[in-house]
Structures are given as C-alpha cells and as structure tokens.
Amino acid sequence: MASSNDVVLLNFWASPFGERVEIALAEKGVHYDYKEEDWADKSSLLLQMNPVHKKLPVLIHHGKPICESNIIVQYIDETWQTEDPPLLPSDPYLKAQARFWADFVDNKVNFSAIWRTKGEEQERAKKEFIDLLKVLEEQLGEKPYLIGESFGYADIALIPFSCWFYAVEIIGKMNIEKECPKFIEWVKRCMERESVSKSLPDPHKIYEYVLELMKKLGN
Amino acid sequence: MYSYSYFLLFSGPFTQRVLLTLEEKLLPYDLKLVDIGNKPEWFLSINPEGKVPVVKLDDKWIADSDVITQSVEEKFPNPSLVTPPDKASVYDYALSAPFVQFNGSKIFSTYIGFLKSKDPADGTEQALLNELSAFNDYIKENGPFINGKDISAADLSLGPKLYHLEIALGHYKKWSVPDSLPHLQAYMKSVFSLESFTKTMPLTEDVIEGWRPKVMG
C-alpha cells in the first residue's frame, strides 16, 4: 500500500466533483493526504457547477497531477485493483454506458438556477431538474445501480449531488422524493455504502453554503 | 443594546428563538457573542448566574427565553406573534395567559432522551416518534403553521429545536424524520426556509459539537 503522502487530494469541501474522487479512493481503500483548498477567487465560488472548476479536484500521485474528476476516478480504478468488481465495467458495451451516463451528469446536472432565480424562471429550473431525475430513473429501471448490479463509475459521478437536494428542496419548496421516489431509493442505497456516507458532507452544511452563495449574489 | 450567546449547547435553540422573535418583529439589535466556557467579567457582572440567552431591553437585563419573548411582545406588539391559547392547548403545555408558553418541550425532552440513549430497544425512539406524530397530525389539520396561516411565537420556539434535532440525530444516529410524517417534514422545510430563520440559524458543525457531550456522556 502506498504511503499516504504518495497520494494527495486537493479539494474544496463542498465540491461534488471532489467527492467523486473521495468516494473512489475510499472504495479502493487508498490512504491519502487531503488538502482543503481555499478557493481564493470568490467569484468562482459562485459558479459552483461550472466547468471553470475543472482545476479542483486534483489528485497528485507520486508527484504527478491528474485533473478532471471523472478522469481521476478512472485513473484510481486502473491504478488500485481490489477483489471487488472494478468501478468501470470490463465489458466494452457496459463501460460505454457507464461513460455515457457520467458524461450526461456532467453536461446536464445543473440546478443552481433553482436558488439563483425566482418566479417563472425558478419554476422552469425546478421542472427541468425533475425531468432530469426522471430520465435517470428510467435508466435505473429495476436495477439497483445505474449500470447494473454493482455500484460503479456512473453512480459515483452522480451521487455527490444528492447532498444538495436538502437545500434545493427548502429553497425551491420542492419534495424530490414525492416526484422521484425511485431516484431517492437509489440515493439511499448508495448512502448505505461507507465510502459514500463518509465522503459526502452533511446536507445542512450545503444548505448553509448555498445561503452564503445566495447572499453574495444579492438574492 | 441586546446581547445573546451563540456558542452554546442547550441554549442554542432558545437563543435562536429570541433572535427569530426580534427578526420577525423587524427590531434592530446588537449581538454579543459570549464564550460559554469562558464567560467574561462584564457578562457575569450584569448576569451573575451566567444565563444565556440574555437580552438588555430598556436598560434592564432579562434572562430566560420565555420571559424575553414575552417582554418583547409586550413592548412591541406589532406585528403580533401571539399564539392564541386555543391553538396550543392541544399540547397541554404550561399556559400563561395571555401569552402562550408553547415551546414543544415534550418534543425536545424526548429528543434528548433518544439522543443520549445507548440501547436501541429502550423505547426512547418511540417516545420521540409519538410526540412528532401528534404534531404531524395537528399540523395536517391546522397548518401550515401552528396558528394556521401565519408564523407565531410557537413556531419560533419549536422551529429551532427541530433544526437541532434534525442535525444531531442525523449525525449521531443516522436518523431522520420518517416519511410517515409528511406534514411535519413540510412544516420543518417551511420554517427552515424563512428569511429570519436562515439569518439566525446555527452552523451545522456547532450543533453537532454542542450535542456531543450528551451523546458521549
């Protein structure tokens, strides 16, 4: 096992992208040093879901940096093998599916409009968000996880956003479980894994954080 | 000049209750944070028992959130936050006319019992659920707030306690309000989203640390 200072994770505590990496590292039992980055550029804080954030998280292994959360997760999967099934399926078709859905999350999941807007715009954002979750529910179908029987790459890409749901529900006056019960079942299933429950922040902290963001935006 | 203390354990929700009252009445106030573990001289000289929260109103220092909120209501009756006695009588708590002392005390005490419990079969969880279920039923019929349409003193007293309960039981027992109590869930979200609430709510980590001695002890 590599000594912990061979592996360093630079992250921002509220970043769902960083949490993907934390989950993957925990799944593989990798010891690492965690360094909380003070995100100095305040305006970047406001663009939480924006690709501008691709610089965090950064995984540093043997002194070499790897960027982009999904790419880091794949790197972790390839570098540390355990007896558990790999995070990415070995079957090329399933692997392609896993990558598709992780990409889908990256391109489509953006619910910051729910707290950045009001009135009609907010209602539109809420509807879009629920529609998105319904698409994901369809993909889930009767499967326990997004691609099949095992928790993997696509689930890791998506699950960190679940700790933002509390804030979204309060601010957006929504009940996500009512509209998408299957999705919430999947969330609860993932949260039973220690790798997930230990890596995700308390939703109340995210709520505090979102309120701060809203204040900065003058809402 | 008003004072209050934020750094504390069980006065947490009582302090927030006072702040919520001031906020809902749109009253200006000065906050002074006091480290409960290290009370400064000036604080002890005006308040020898070191109680928190404590408020200075008209040059007089008042302790005890019940007395504070009552005094504020008397001095600043608009907008009114009075919870009529008939709304709170359902709960059979200490009533003192004309101000209702609805303070969700059974919810809070059963919550503490459950939080401290080390034996999952000792009935403390059920005791809490019974209280929460009774409240759920009440709110279903009378909501969205305890006094119906509008926020009143009873919500400002109960809300903070429910926030502490949600965070502490979530953290220490991985427990959350069950889906069988949807009206309670909706009530909590409504209260926690109030502007006055978001301005005065405690930090998650402070709540967690505040309850740690009860859990560990």
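What counts and how
Residues numbered from 1 in each chain as written. Chains lettered and ligands numbered in written order. Predicted model: local features only at pLDDT ≥ 70, side-chain atom pairs only at ≥ 80, totals over all residues. Heavy atoms only, no water. Helix = DSSP H or I, 4+ residues; strand = E, 2+ residues; numbered from the N terminus. Buried < 20%, exposed > 50% of the residue type's maximum accessible area, 1.4 Å probe, protein only. Contact = heavy atoms within 4.5 Å. Areas by Shrake-Rupley, 256 points an atom, 1.4 Å probe, with all protein chains shown as cover. Pairing = 2+ DSSP bridges. Axes fitted to C-alpha atoms, helices over the stretch in contact; angles between N-to-C directions. Expected span 1.5 Å × (residues − 1). Bend = angle between axes of the 7 residues up to and from the residue. Buried area = accessible area lost by both parts, 1.4 Å probe. Salt bridge = Lys/Arg side-chain N within 4 Å of Asp/Glu carboxyl O. Polar contact = N/O pair within 3.5 Å; in protein donor to acceptor, adjacent residues only side chain to side chain. Phe/Tyr/Trp six-rings, centres within 6.5 Å; stacked < 30°, edge-to-face > 60°. Core = buried A, V, L, I, M, F, W, Y, C linked by side-chain atoms within 4.5 Å. Parallel < 35°, antiparallel > 145°, perpendicular 65-115°, else oblique. Left-handed = near helix turned anticlockwise from the far one by under 90°. Nonpolar A, V, L, I, M, F, W, Y, C, P; charged D, E, K, R; others polar.

Novice: Go over the overall build of chain B, please, and point to the residues and values.
Specialist: For chain B, the helix and strand inventory stands at 10 helices and four strands. Along chain B, from the amino end to the carboxyl end, the secondary structure elements read α-α-β-β-α-α-β-β-α-α-α-α-α-α. Burial analysis of chain B (217 residues in total) assigns 49% to the buried set. A fraction of 70% describes how many contacts in chain B between residues 6 or more apart in sequence connect residues 24 or more apart. Within the structure as shown, chain B displays about 10100 Å² of accessible surface, and the carbon and sulfur contribution to it stands at 54%.

Novice: Can you explain the sheet that holds strand 2 (residues 33-36) of chain A? Please cite residues and give values.
Specialist: All names here are of chain A. Spatial strand order, 2-1-3-4: four strands in an open sheet with mixed pairing. Two strands bound the open sheet, and with one partner strand each, they are strand 2 and strand 4 (64-67). On average, adjacent strands in this sheet sit at an angle of 20° to one another, irrespective of strand direction. Across four bridges, strand 1 (residues 7-11) lies against strand 2 in parallel orientation. Residue pairing in the sheet places asparagine 11 in a bridge with glutamate 36 of strand 2. Of the strands in this sheet, strand 1, strand 2 and strand 3 (58-61) are in contact with helix 1 (residues 16-27), which crosses strand 1 at around 155°.

Novice: Explain unusual backbone geometry to me, and be specific about the residues and the numbers.
Specialist: All names here are of chain B. In this structure, proline 79 follows asparagine 78 across a cis peptide bond, with omega equal to -10°. Residue glycine 143 is joined to proline 144 through a cis peptide bond whose omega torsion reads 10°. Inspection of the secondary structure puts proline 144 in the loop between helix 6 (124-142) and helix 7 (153-173). Residues other than glycine seldom take positive phi values, yet leucine 26 does so here, at roughly 60°. The residue leucine 26 is located in the loop between helix 1 (11-24) and helix 2 (41-46) in this model. Of the residues examined, leucine 26 reaches a relative accessible area of 72% and is grouped as exposed. Backbone geometry at aspartate 58 places phi at a positive 55°, although glycine is not the residue there. Assignment of secondary structure puts aspartate 58 in the loop between strand 1 (54-57) and strand 2 (60-63).

Novice: Tell me what's going on with helix 10 (residues 204-216) of chain B, and back it up with residues and numbers.
Specialist: Residues and elements named next belong to chain B. With 13 residues, helix 10 extends 18 Å between its outermost C-alpha atoms, agreeing within 8% with the 18 Å of an ideal straight helix rising 1.5 Å per residue. Along helix 10, the largest kink reaches about 25° and is centred on glycine 210; proline proline 213 follows within four residues of it. For helix 10, the complete set of buried residues consists of Thr204, Val207, Ile208, Gly210, Trp211 and Val215.

Novice: Describe the interface of chain B and chain A, naming the residues involved and giving the relevant values.
Specialist: The parts lose accessible area when they come together, and the size of an interface is often stated as this lost area. With 14 residues of chain B in contact, the opposing surface of chain A contributes 14 residues. In total, chain B and chain A occlude about 1200 Å² of area from one another, counting both sides; carbon and sulfur atoms represent 52% of this. Where chain B touches chain A, the interface holds three salt bridges. Linking glutamate 205 of chain B and lysine 205 of chain A is a salt bridge whose minimum nitrogen-to-oxygen distance equals 2.8 Å. In this assembly, chain B and chain A are joined by nine residue pairs in polar contact (both at pLDDT 80 or more). Elements with a minimum of two residues in the side of chain B that touches chain A: helix 7, helix 8 (182-192) and helix 10 of chain B.

Novice: Give a detailed account of the packing of aromatic side chains, specifying residues and quantitative values.
Specialist: All names here are of chain A. Scanning the entire structure with this criterion turns up 28 aromatic pairs over all chains. With a centroid separation of 6.4 Å and 70° between ring planes, the pair formed by phenylalanine 111 and phenylalanine 165 is classed as edge-to-face. In this pair, phenylalanine 111 sits in the loop between helix 4 (92-108) and helix 5 (113-116) while phenylalanine 165 sits in helix 8 (residues 165-172), placing the two residues 54 residues apart along the sequence. Accessibility classification places phenylalanine 111 together with phenylalanine 165 in one group, the buried group.

Novice: Residue-level account of the nonpolar core, with values.
Specialist: Counting 116 residues, the largest nonpolar core has Phe111, Phe183 and Trp186 of chain A together with Tyr111 and Leu162 of chain B as the members making the most contacts within it. Counting residues per element, this core draws most heavily on helix 7 of chain B, at 10 residues. When sequence neighbours within four positions are dropped, the list of residues in contact with leucine 162 of chain B reads Ile107, Leu132, Leu184, Tyr187, Met188 and Phe192 of chain B.

Novice: Can you tell me about the packing of helix 6 (residues 119-140) of chain A against helix 10 (residues 181-191) of chain A, naming the residues and giving the values?
Specialist: In helix packing, the relevant descriptors are the interaxial angle and the interaxial distance, both defined with respect to the helix axes. Residue and element names in this part refer to chain A. Between helix 6 and helix 10, the shortest axis-to-axis distance is 8 Å and the interhelical angle comes to 70°. Accordingly, the angle class assigned to the pair helix 6 and helix 10 is roughly perpendicular. Crossing of helix 6 against helix 10: the hand is left-handed. Mapping the contact onto sequence places Leu133, Leu136, Glu137 and Leu140 in helix 6 and Pro181, Lys182, Phe183 and Trp186 in helix 10. Taken together, the residues that form the contact of helix 6 with helix 10 break down as six nonpolar, no polar and two charged.

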